[in-house]
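# Observations on the three-dimensional arrangement
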Amino acid sequence: MAKMANTLRDLDRFAEESYGKARVFFQMGKYEEALAVYGKAADAWNKMADLLFEKGKEDSGQEFLDKVMEVRSCCGMSLFKLGKYEEALEIVDTLLEVKPDSPTEWSNRGFVLSALGRNEEALESFEKALSLDPASPKILTSKGVVYFRMGLLEKALETFDKALAAEPKKASDWACKLPRFSFFSRNKAPIMRPDNAETWYWKGNLFTELGEREKALDAYKHALESDPDHLNSLFRGGGLLCEIGEYKEAYKCYARTLKLSPGNEAAKQGKEFCEKNIT
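To start, this report covers the structure provided alongside it. These numbers come from a predicted model, not from an experiment.

Parameters at a glance
- Residues numbered from 1 in each chain as written.
- Predicted model: local features only at pLDDT ≥ 70, side-chain atom pairs only at ≥ 80, totals over all residues.
- Heavy atoms only, no water.
- Helix = DSSP H or I, 4+ residues; strand = E, 2+ residues; numbered from the N terminus.
- Buried < 20%, exposed > 50% of the residue type's maximum accessible area, 1.4 Å probe, protein only.
- Contact = heavy atoms within 4.5 Å.
- Expected span 1.5 Å × (residues − 1).
- Arc of directions from axis to C-beta.
- Salt bridge = Lys/Arg side-chain N within 4 Å of Asp/Glu carboxyl O.

Turning next to the side chain of S102. Mapping S102 onto the fold places it in the loop between α4 (85-98) and α5 (103-115). A relative accessible area of 11% means that S102 is categorised as buried. Setting aside anything within four residues of it in sequence, one finds S102 in contact with L96 and L132.

This is the structure:
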C-alpha cells in the first residue's frame, strides 16, 4: 500500500509540474512545446486513474480522469494555435461526447469551426455555449467576432455591447491596470476594470470597417485602459493616430508594440514614419 501511495504521489507531482510548464509554454506562444508537455501530464494522470480504478477507488480515479480531460482540452487549443484545425476539432468533439454540457468545449468548438470557415456551424456552437453560460463576456465576444467575419456588422455590434455589459463572474476576469499613455487615459490612478480588452478591440475593428475613425479610436483607448499591453490595440491604435496626424501618441503605440513584439516589421516602419513627422 505504501509503495502505491508513493507511486501516486510521484506521478501526481510529475503531472502537476508538466502541466504548469506546458501552460507557460502556451502563454509564450511555444505551442509545439506546450503540446508535448501537456501529453506527459495527461499520461501521468491517466496512469494514476488506472491504478486507482484497479484498486476499486472509483471516485478518486474519476477525479484524475477529469484532469486528463482538462489537459486534452488544452492540447486541442494548442493544435488550434498551430493551425491544425481538423485535429483540434477531433479532440473537441471527443471531449463533448464525454462532457456535452461544457460551455468551454462548445466555445472551443466555435473557435475551431470559425477558423475552418464554417461560420454558421460556429454560431450554433457559440449559441449552445451561451445556453449553458448565458452571460459569459468571452463567449459573447467570440460570437460577435463570427458575425463580424460574416459581414453582419449590426449583429456583431449588438453582441459586443452585450459582452461589455455582462459582469465578469470570476476574479480572474478583473484586473487592476494602470494606463500608461496619455492617449489612453489621463487618469494616472490605478482603477479596477473588467478585463474586456479583446471585446473593445473587435469593436474598434468594426468601427474601422465602417469608416468611423473617432469611434474606432475610442474603442482602442478603452481596450488599452483595460489592458495596456494589448498588442493588437496598440498597433491598430497607432495606425489610426497616424491617419489623424497624432504622431507623438502613435509613436508611443508603435514603441510599446515593438517592446512586446520586437520582430514586428510593420510596427518598426510605423515608428520610423512617426519619427520623421514629429516636429
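Next comes the rest of the write-up.
Next up on the list: α4. The α-helix winds at 3.6 residues per turn, so residues separated by three or four positions along the chain end up facing the same way. For α4, which comprises 14 residues, the first-to-last C-alpha distance of 20 Å matches the rise-based estimate of 20 Å (1.5 Å per residue) to within 8%. A88, L89, I91, V92, L95 and L96 are the residues of α4 that are buried. Taken down its axis, α4 places every buried residue within 160 degrees of arc, on the same side. Exposed side of α4, more than 90 degrees from the buried face: E86, E90, E97 and V98 are the residues found there.

If the charged atoms of two oppositely charged side chains come close together, the side chains can form a pair. Counted according to the given criterion, the structure contains 13 salt bridges. Between E158 and K162 there is a salt bridge whose closest N-O contact spans 3.8 Å. One end of the pair, E158, and the other, K162, are both in helix α8 (residues 153-165), four residues apart, so they sit about a helical turn from each other. Looking at E158, the relative accessible area reads 45%, which means it is partly exposed. R256 is paired through a salt bridge with D229; the nearest N and O atoms lie 2.6 Å apart. Linking R256 in helix α12 (residues 247-260) with D229 in the loop between α10 (213-226) and α11 (231-243), this pair joins segments that are 27 residues apart in sequence. With relative accessibility at 13%, the residue R256 sits in the buried group.

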